[in-house]
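Here are the chains, one letter per residue:
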Amino acid sequence: MALSRDDLLAPILRDVETCADLAVRVEHEQEAPGWSEPWTMLWTPDGAGTGIWFGDQQDAQGLDHRPWRIADAVHEIVVEGLWSAGRSTAWPPCPAHPDTHPLQVEVQAGRIVWACPTSGDRVAVVGSLTC
């Protein structure tokens with residue numbers, strides 16, 4: 001069964017709501033000039049909008065890369081929104097290095113996770129952050 005845009009966004013938006021304290025507004029668009037697929041705009045409180053494309057992205061083995069790509073794109077949007085608001089861009093903060101860098105979105109053992117970019121240690125599955 002194909003994942004909907006809402007299904008793909010839900011885990012990362014749950015982490016944003018739980019831990020970033022940044023209102024991200026989601027608008028699903030149906031058509032855009034030059035785009036063959038529906039897309040979604042995410043808006044941060046400063047009025048900045050970024051489009052996310054949800055088209056298929058499978059590798060030679062048929063693995064769907066959209067969950068990672070979308071979580072990574074939303075992470076970047078949130079960090080930019082935090083910067084614009086004058087807040088720390090180390091989001092989500094790395095528990096081992098809280099003032100140094102944020103966690104990053106990775107694929108580990110087939111799961112989309114938040115991991116330390118220095119050690120590679122997994123902190124949480126995307127969608128399950130607790131702050």
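Located above this text is the structure these notes cover.
Since this is a predicted model, take the numbers as computed values, not measurements.

**Side note on the nonpolar core**
Residues Val 74, Val 78, Trp 91 and Trp 114 are the most contacted members of the largest nonpolar core, which totals 27 residues. Among the elements that line this core, the one with the most residues is helix H2 (residues 66-84), at six residues. Apart from the residues lying within four places of it in its own chain, the contact partners of Val 74 are Leu 9, Ile 12, Leu 13, Val 16, Leu 42 and Ile 52.

**Quick notes on helix H1 (residues 5-19)**
In this model H1 runs 22 Å from its N-terminal to its C-terminal C-alpha over 15 residues, within 8% of the 21 Å that 1.5 Å per residue would give. Considering bend angle alone, the principal kink of H1 is centred on Pro 11 and spans about 35°. Residues of H1 that are buried: Arg 5, Leu 8, Leu 9, Ile 12, Asp 15, Val 16 and Cys 19. Elements in contact with the buried residues of H1: strand S1 (25-29), strand S2 (39-43), H2, strand S5 (111-115) and strand S6 (122-125).

**Side note on the sheet that holds S2**
The antiparallel open sheet is built from three strands, whose spatial order is S1-S2-S3. Edge positions in the sheet fall to S1 and strand S3 (49-53), since each of these pairs with one other strand and no more. For this sheet, the mean inter-axis angle between neighbouring strands, taken without regard to orientation, is 25°. Two elements, S2 and S3, share five bridges in a ladder whose sense is antiparallel. Directly across from Met 41, in S3, lies its bridge partner Gly 51. Across the sheet, H2 lies against S2 and S3, angled at about 175° from S3, the strand it touches most.

**Some thoughts on unusual backbone geometry**
A cis amide bond links Trp 91 with the next residue in sequence, Pro 92, at an omega value of -15°. You can see Pro 92 is positioned in the loop between H2 and strand S4 (104-108). A positive phi angle is found at Asp 21, which is not glycine, with a value near 50°. With respect to the helices and strands, Asp 21 occurs in the loop between H1 and S1. Accessibility expressed as a relative area gives 64% for Asp 21, which makes it exposed. The phi torsion at Ala 109 lies on the positive side, around 50°, for a residue other than glycine. Note on placement: Ala 109 falls in the loop between S4 and S5. We classify Ala 109 as exposed; its relative accessible area is 82%.

Criteria and thresholds
- Residues numbered from 1 in each chain as written.
- Predicted model: local features only at pLDDT ≥ 70, side-chain atom pairs only at ≥ 80, totals over all residues.
- Heavy atoms only, no water.
- Core = buried A, V, L, I, M, F, W, Y, C linked by side-chain atoms within 4.5 Å.
- Buried < 20%, exposed > 50% of the residue type's maximum accessible area, 1.4 Å probe, protein only.
- Helix = DSSP H or I, 4+ residues; strand = E, 2+ residues; numbered from the N terminus.
- Contact = heavy atoms within 4.5 Å.
- Expected span 1.5 Å × (residues − 1).
- Bend = angle between axes of the 7 residues up to and from the residue.
- Pairing = 2+ DSSP bridges.
- Axes fitted to C-alpha atoms, helices over the stretch in contact; angles between N-to-C directions.

Functional significance is not addressed by these values, which are geometric in nature.
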